[in-house]
Amino acid sequence: MTRLTSLTLAEARDGLANKSFTSLELTDAHLGAIEAARALNAFVMETPDQARAMARAVDARIAKGEGGPLAGIPLGIKDLFATKDVRTTACSKILGNFVPPYESTITSQLWRDGAVMLGKLNNDEFAMGSSNETSCFGPVVNPWRREGSNTTLVPGGSSGGSASAVAALLCMGATATDTGGSIRQPAAFTGTVGMKPTYGRCSRWGIVAFASSLDQAGPIARTVRDSAILMRSMAGHDPKDTTSVDRVVPDYEAAIGKSVKGMKIGIPNEYRLDGMPQEIEKLWSEGAAWLKAAGAELVDISLPHTKYALPAYYIVAPAEASSNLARYDGVRYGLRVPGRSIGEQYENTRAEGFGPEVRRRVMIGTYVLSAGYYDAYYLRAQKVRTLIKRDFEECFARGVNAILTPATPSAAFGIGEKGADPVEMYLNDIFTVTVNMAGLPGIAVPAGKDTQGLPLGLQLIGRPFDEETLFSLGEVIEQAAGRFTPARWW
Ligand code: GLN
């Protein structure tokens, strides 16, 4: 049982192909692990019957030599992805028991390639958060603990269920989404690998929208190779998403092990924050040294508009969210709280259905878009966004292949420890939001531990549509840093 769940996705794929075990055995091993890990609250919906049916069907296909690239691999799906006939809530009360009559493009591509669905994973409500504490299903617990402590830690967010489940060996990989850091920050907090692709690389169709110009889906997995394998199935053009880009999907796995000799790696001065823990600084220099030892050239770069990224993000993202969330009116989906008039019904439904963080975003967004404030806030934030993008473009034009930064300013914190001041929570994404603002790809790779034994990650930022370079460089870091697995206590 345990042996099967500790395989990497790549190892499991090979084991299935040479018939060392069946997908049903692999799936059952994971279903058992999920059942034994309910204390982590990573899954909000387990789908064991569906999982076994999918595994049996794919075993039959493998026997005939017809399995796809993910044949028989059990995955977890963030509850932001619409799954046909399986409840999809974005972890918000307002969606209630919504059961989509359709499947998101990304998940349908995963099933097309033979993957098996284990269930739906917890996340922050509408993907708004950095700790998974805003979910209507309650917080997710990080499988990692500080040495000698029983304090329960957050797994990061918003894809906290995905990160926790992958780290705790409950699934071989998971889907996630990233609007300002929600793939990379939870990956860094759990010792897993999180890849946010270039905006437009993956279809957004059938994913609950948060901020449409920033949202992008990607995988969380235990190794860089596993993320590359998942990316190939998730990426691709989709006529149903007009922002998805029609480009050939490369064989990302082929980038693993490719030489990084002669690559120019930018080290941005602006990511050196006052008061940043010493161990983050150390991790960053260590990562740079590993890349240098592999033949890359380190160059100091400047991204002067970095300091405006977080404030500008907290205008653009809430503005788009307030518009996207207007559809939850108690008429079409989920929860309905009646009132004496249609207006009152809207108000009652939204007041009862949205949690406090989502309400805050809707209010900020409505404010910055309102007449008289639009130019001062929204329009100005859009201009700042252009400047942030230009900073990156100038570095890439000077020959920089990728940029190395810390993934987060700290390791995982305790449940309930942050959040009294929302800005304190927002600061978690200080190193990741710039990448969404510029539409670039970014990967978080575990690179070391803090003094309390918690994993820390490094981020690599790439040129548009050059995820392959990130996989090559990410693997160099992984090789040097080793793998990170939490000791089981649950
Ligand atoms: N933590 C950020 C926010 O709350 C980003 C979330 C995300 O990437 N979905 O908006």
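Conventions and cut-offs
- Residues numbered from 1 in each chain as written.
- Predicted model: local features only at pLDDT ≥ 70, side-chain atom pairs only at ≥ 80, totals over all residues.
- Heavy atoms only, no water.
- Helix = DSSP H or I, 4+ residues; strand = E, 2+ residues; numbered from the N terminus.
- Rg over C-alpha atoms; globule rule 2.2 N^0.38 Å.
- Buried < 20%, exposed > 50% of the residue type's maximum accessible area, 1.4 Å probe, protein only.
- Contact = heavy atoms within 4.5 Å.
- Areas by Shrake-Rupley, 256 points an atom, 1.4 Å probe, with all protein chains shown as cover.
- Near = heavy atom within 4 Å.
- Polar contact = N/O pair within 3.5 Å; in protein donor to acceptor, adjacent residues only side chain to side chain.
- Nonpolar A, V, L, I, M, F, W, Y, C, P; charged D, E, K, R; others polar.
- Salt bridge = Lys/Arg side-chain N within 4 Å of Asp/Glu carboxyl O.
- 1 Å grid on protein atoms, 1.4 Å probe; cavity = no way out; pocket = protein on both sides within 12 Å on 5 of 7 lines; lining within 4 Å.
- Points joined across faces, edges and corners; volume = space filled by probe spheres on them.
- Pairing = 2+ DSSP bridges.
- Axes fitted to C-alpha atoms, helices over the stretch in contact; angles between N-to-C directions.
- Parallel < 35°, antiparallel > 145°, perpendicular 65-115°, else oblique.
- Phe/Tyr/Trp six-rings, centres within 6.5 Å; stacked < 30°, edge-to-face > 60°.
- Lys NZ or Arg CZ within 6 Å of the ring centre and 35° of its normal.

Visitor: Tell me what's going on with the overall build of the chain, and back it up with residues and numbers.
Guide: Assigned secondary structure in the chain consists of 16 helices and 11 strands. Here the chain has a C-alpha radius of gyration of 21 Å; the compact-globule value for 490 residues is 23 Å, and the two agree. In terms of overall dimensions, the chain has a C-alpha envelope of 65 × 55 × 50 Å along the principal axes. Looking at the chain residue by residue over its 490 residues, the buried ones come to 61%. Considering only residue pairs separated by 6 or more positions, the chain has 77% of its internal contacts joining residues 24 or more positions apart. Looking at the chain as shown, the accessible area adds up to about 18000 Å², and 52% of this sits on carbon and sulfur atoms.

Visitor: Would you mind going over unusual backbone geometry in detail, with residue names and values included?
Guide: Across the junction of G157 and S158, the peptide omega takes the value 5°, indicating a cis bond. As for its position among the elements, S158 is in the loop between β3 (116–121) and α6 (160–167). The backbone of D85 shows a phi angle near 65°, a positive value even though the residue is not glycine. The residue D85 is located in the loop between β2 (74–78) and α5 (105–112) in this model. Of note in this structure, N132 is not a glycine but carries a positive phi near 65°. Mapped onto the elements of the fold, N132 is located in the loop between β3 and α6.

Visitor: Report on the site of the ligand, specifying residues and quantitative values.
Guide: In the neighbourhood of the ligand, 15 residues make up the surrounding shell, with T179, G180, S182, Y313 and D429 lying closest. With respect to the ligand, the backbone of G180 contributes an N or O atom lying 2.7 Å from an oxygen atom. Y314 places a side-chain nitrogen or oxygen 3.4 Å from an oxygen atom of the ligand. Protein coverage of the free-state accessible area of the ligand, which is 290 Å², stands at 100%. The residue inventory of the shell around the ligand, partitioned by class, reads 5 nonpolar, 7 polar and 3 charged.

Visitor: Give me the lowdown on the pattern of salt bridges, citing residues and values where you can.
Guide: Once the charged atoms of two side chains with opposite charge are near each other, the side chains can pair. Throughout the structure, instances matching the rule amount to 20 salt bridges. Among the salt bridges present, the one from R112 reaches D113, with a minimum N-O distance of 2.9 Å. The exposure class of R112 is exposed, given its relative accessible area of 51%. One salt-bridge network, held together by shared partners, links R13, D14, R225 and E253.

Visitor: Can you tell me about the layout of surface pockets, naming the residues and giving the values?
Guide: Approximately 330 Å³ is the volume found for the largest pocket. Forming the walls of the largest pocket are 19 residues, and the residues nearest its centre are G206, I207, V208, A209 and R327. Counted by class, the lining of the largest pocket contains 10 nonpolar, 4 polar and 5 charged residues.

Visitor: Describe the environment of L427, naming the residues involved and giving the relevant values.
Guide: Inspection of the secondary structure puts L427 in the loop between α14 (422–426) and α15 (433–438). With 18 residues separating them in the primary sequence, L427 and P409 have C-alpha atoms 8.2 Å apart. Dropping the residues within four chain positions of it, L427 is found in contact with L310 and P409.

Visitor: Now, about the side chain of D391: what can you tell me, with residues and values included?
Guide: Counting through the fold element by element, D391 comes out in helix α13 (residues 375–397). Every residue in contact with D391, bar those within four places of it in the chain, is listed here: L303, P304, H305 and T306.

Visitor: If you had to explain the pairing of strand β5 (residues 193–196) to someone new, which residues and values would you point to?
Guide: Burial of β5 is two-sided: the residues V193 and M195 facing one way and the residues G194 and K196 facing the other way are all buried. Of the pairings in the sheet, the one linking β5 to strand β10 (residues 442–449) comprises 3 bridges and is antiparallel in character. Bridge pairing in β10 places K196 opposite G442.

Visitor: Can you break down the packing of helix α10 (residues 309–324) against helix α12 (residues 356–369) residue by residue, with the values?
Guide: Between α10 and α12, the least distance of the axes is 7 Å, while the angle of their chain directions is 100°. On the basis of their axis angle, the class for α10 and α12 is roughly perpendicular. Across the interface between the two elements, Y314, I315, P318, A319 and S322 of α10 pack against R361, V362, I364, G365, T366, V368 and L369 of α12. Partitioning the contact of α10 with α12 into residue classes produces 8 nonpolar, 3 polar and 1 charged.

Visitor: Talk me through the packing of aromatic side chains; I want residue IDs and the actual numbers.
Guide: According to the stated counting rule, one finds 17 aromatic pairs in the structure shown. With a centroid separation of 4.8 Å and 80° between ring planes, the pair formed by Y313 and Y314 is classed as edge-to-face. Residues Y313 and Y314 agree in their burial class; the two are buried. On the numbers, 5.8 Å between centres and 50° between planes, the contact of Y367 with Y377 is tilted. A residue pair is termed long-range when its members are at least 10 positions apart, and Y367 in helix α12 and Y377 in helix α13 qualify at 10 residues. The partly exposed category is assigned to Y367, whose relative accessible area is 38%. Overall, Y377 belongs to the partly exposed group, its relative accessible area being 33%. What links up through ring pairs into an aromatic cluster is the set F98, F126, Y328, Y333 and F354. Against the face of W489 rests R145, its NZ or CZ located 3.7 Å from the ring centre. One residue, K240, lies across the ring of W205, its end atom 4.0 Å from the ring centre.

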